[in-house]
Amino acid sequence: MKKILLLFLTFLSVLIPKNVYAAEAYAVVSGFSNITLTFYYDDNKNTHENESNTRAVYKLKEKYNARPEWIQWKIATICFDESFVHYTPKSTAHWCRDGHSLKGLENLNTSMVEDMSYMFSNSNFTSLDLSGLNTRNVRDMNHMFDGCYDLNSLSLNGLNTENVKNMTSMFNYCEKLKSLDISSFNTINVENMSYMFYSCYSLSTIYVSEKWSTENVSNSYSMFSYCHSLLGGCG
């Protein structure tokens, strides 16, 4: 019996690749004049730790609305490695904040993400296309684009927001946005929209659909304050 069990375990060890168990999610801060943050999901963490241009390596911690340790660095480029497509985080809070350029977003699997708060806050992106993000499980989008002063083009086509409850300050201080198409937004479960478009000085048009609802919103304080260019109407 023991011999049969030993043979069976040996057979399994041949079938199952060893690196399946070794893969881990981590972020690497590298470079000096142009600091890059790269997300990986593999078994090469030790290799990256020993590279000459590596500044720091962080294991991903997915606590609700947690501020990651790497935000202490002045990140210029944020990159999602091809290996990261196999990782399914539950939180991407603060992950892309303060960034200047973004690469490999197609390798970010957001199918299980519940928290996207502050995800792009205070970033220097001029344009973002997030139409490919899977947001079906997201519950929190508060401050998601807060302080994106230079953002003038934002594509959110197809985003599923039916489970989102918090949109506080979501577009706060997006000063250069002139139009915003959120017609895919289903806001039936949103409870907080306070400061949602606060100080969007240039925003003149917001496109919504019949899925837009404020039925369960209990806080909409200063939702459109300082939106000096915003025009009312149906279209």
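Higher on the page you've got the structure.
Procedures and definitions
Starting afresh in each chain, residues are numbered from 1 along the sequence in its written order. Per-residue local features of the predicted model are confined to residues with pLDDT of at least 70, and side-chain atom pairs are confined, for both listing and counting, to 80 or more; whole-chain, interface and lining totals are unaffected and use all residues. Side-chain descriptors were evaluated using all non-hydrogen atoms of the structure, hydrogens and water having been removed beforehand. A helix here means a DSSP run of H or I that spans at least four residues, while a strand means a run of E at least two residues long, and both kinds are numbered starting from the N terminus. Pairs of residues are marked as contacts when any of their non-hydrogen atoms sit within 4.5 Å. Areas reported here follow the Shrake-Rupley algorithm with a probe of radius 1.4 Å; residue values treat only the protein chains shown as occluding. In this scheme, a residue with accessible area under 20% of its type's maximum is buried, one over 50% is exposed, and one in between is partly exposed, where area comes from a 1.4 Å probe on protein chains only. Note: two strands are recorded as paired if DSSP finds a minimum of 2 bridges between them. Fitting a line to C-alpha atoms yields each axis, with helices limited to the stretch in contact; the angle taken between N-to-C directions then spans 0 to 180 degrees. Working definition of a nonpolar core: buried Ala, Val, Leu, Ile, Met, Phe, Trp, Tyr and Cys residues. They are joined through side-chain atoms within 4.5 Å. Any pair of nitrogen or oxygen atoms within 3.5 Å is treated as a polar contact; in protein, a donor-acceptor pairing is required on top of that, and neighbouring residues in sequence qualify only through side-chain atoms on both sides. Whenever a carboxyl oxygen of Asp or Glu lies within 4 Å of a side-chain nitrogen of Lys or Arg, that contact is scored as a salt bridge. Lining residues are those with an atom within 4 Å of a point, where the points come from a 1 Å grid over the protein atoms alone and group into cavities, where a 1.4 Å probe fits but cannot get out, or pockets, open sets with protein on both sides within 12 Å along at least five of seven lines. Grid points are joined across faces, edges and corners, and a volume is the space filled by probe spheres set on the points. Paired rings are identified among Phe, Tyr and Trp, the last through its six-membered ring, by centres lying within 6.5 Å, and are further divided according to the angle between planes into stacked (under 30 degrees), edge-to-face (over 60) and tilted (the rest).

K.L.:
When you look at the overall build of the protein chain in this model, what are you seeing that I'm missing?
P.N.:
A count of helical and extended segments in the protein chain gives three helices and nine strands. Reading the protein chain from its N terminus to its C terminus gives the helix and strand order α-α-β-β-α-β-β-β-β-β-β-β. In the protein chain, once contacts between residues fewer than 6 apart in sequence are set aside, the share between residues at least 24 apart is 72%. Of the roughly 12600 Å² of accessible surface on the protein chain, 49% is carried by carbon and sulfur atoms.

K.L.:
How should the pairing of strand E1 (residues 24-30) be read in this particular structure?
P.N.:
A regular strand places its side chains so that they alternate between the two faces of the sheet. The buried fraction of E1 amounts to six of the seven residues, a majority that puts the element mostly inside the structure. Bridging between E1 and strand E2 (residues 36-42) involves seven bridges; their strand directions are antiparallel. In the sheet register, Ala27 faces E2, and the bridge partner there is Phe39. In textbook terms, the turn of a hairpin is the stretch between consecutive antiparallel strands, and for E1 and E2 this stretch comprises five residues, one of which, Gly31, has a positive phi near 95 degrees.

K.L.:
Sorry, what's going on with the sheet that holds strand E3 (residues 54-59) here?
P.N.:
By definition, the strands of a sheet pair up through backbone hydrogen bonds, in either a parallel or an antiparallel sense. With mixed pairing, five strands are arranged side by side in an open sheet as E3-E1-E2-E4-E5. The open sheet has two edge strands with one neighbour each: E3 and strand E5 (101-103). On average, each strand axis in the sheet is inclined to that of its neighbour by 20 degrees, with strand direction left out of account. Relative to E3, E1 runs antiparallel, the two being bridged by five bridges.

K.L.:
Please explain unusual backbone geometry as it appears in this structure.
P.N.:
Note: most residues except glycine have negative phi, and most peptide bonds are trans. One non-glycine residue, Ser199, lies in the positive phi region at around 60 degrees. For Ser199, the location among the structural elements is in the loop between strand E8 (179-181) and strand E9 (205-207). By relative accessible area, Ser199 is classed as buried at 1%.

K.L.:
What am I meant to see in the nonpolar core here?
P.N.:
Across soluble globular proteins, nonpolar side chains have a tendency to be buried as a group. Counting residues in hydrophobic clusters, the biggest one holds 55 residues, and the most contacted among them are Phe145 and Phe171. At the level of elements, E1, E2, E3 and strand E4 (77-80) are the ones that each hand at least two residues to this core. For this core, the element with the highest residue contribution is E1, accounting for three residues. In contact with Phe171, not counting residues within four places along its chain, are Phe145, Leu154, Leu156, Leu180, Ile182, Phe185, Met196, Phe197, Tyr198 and Cys200.

K.L.:
It is not clear to me how the pairing of E4 should be interpreted in this structure. Could you clarify?
P.N.:
Relative to E4, E2 runs parallel, the two being bridged by four bridges. Following the sheet pairing, Phe39 is matched in E4 by Phe80. Sheet analysis places E4 next to E5, joined by three bridges and oriented parallel. By the bridge assignment for E5, Cys79 is matched with Lys103.

K.L.:
What exactly am I supposed to notice about the environment of Asn50 here?
P.N.:
By secondary structure assignment, the location of Asn50 is in the loop between helix H3 (45-49) and E3. For Asn50, the side chain forms a polar contact with the main-chain oxygen of Asn46, separated by 3.0 Å.

K.L.:
How should I be thinking about the pattern of salt bridges in this particular structure?
P.N.:
A side chain with one charge can pair with a side chain of the opposite charge if their charged atoms come near. As enumerated under the stated definition, the model contains four salt bridges in all. In this structure, Glu69 engages Lys61 in a salt bridge whose closest nitrogen and oxygen atoms are separated by 3.7 Å. Looking at Lys61, the relative accessible area reads 59%, which means it is exposed.

K.L.:
How should the layout of surface pockets be read in this particular structure?
P.N.:
Empty space within the second largest pocket amounts to approximately 170 Å³. Lys61, Ala66, Arg67, Pro68 and Glu69 are the residues nearest the centre of the second largest pocket, which is lined by 14 residues in total.

K.L.:
I keep staring at the packing of aromatic side chains and nothing clicks. Help me out?
P.N.:
Inspection of the entire model under this criterion finds 20 aromatic pairs. Look at Tyr26 and Tyr40: their rings are 5.4 Å apart centre to centre, the planes differ by 20 degrees, and that puts the pair in the stacked class. Of this pair, Tyr26 sits in strand E1 while Tyr40 is found in strand E2, placing the two residues 14 residues apart along the sequence. The pair Tyr26 / Tyr40 is uniform in exposure class, with both members buried. Taken together, the ring pairs connect Phe39, Tyr41, Tyr58, Trp70, Phe80, Phe84, Tyr87 and Trp95 into an aromatic cluster.

K.L.:
Looking at this model, I keep getting lost on the side chain of Asp146. Mind explaining?
P.N.:
Its location among the elements puts Asp146 in the loop between strand E6 (127-129) and strand E7 (153-155). Once residues lying within four places of it in the same chain are set aside, the contact partners of Asp146 are Ser121, Asn122, Ser169, Met170, Asn172 and Tyr173.

Nothing here speaks to function; it is all geometry.
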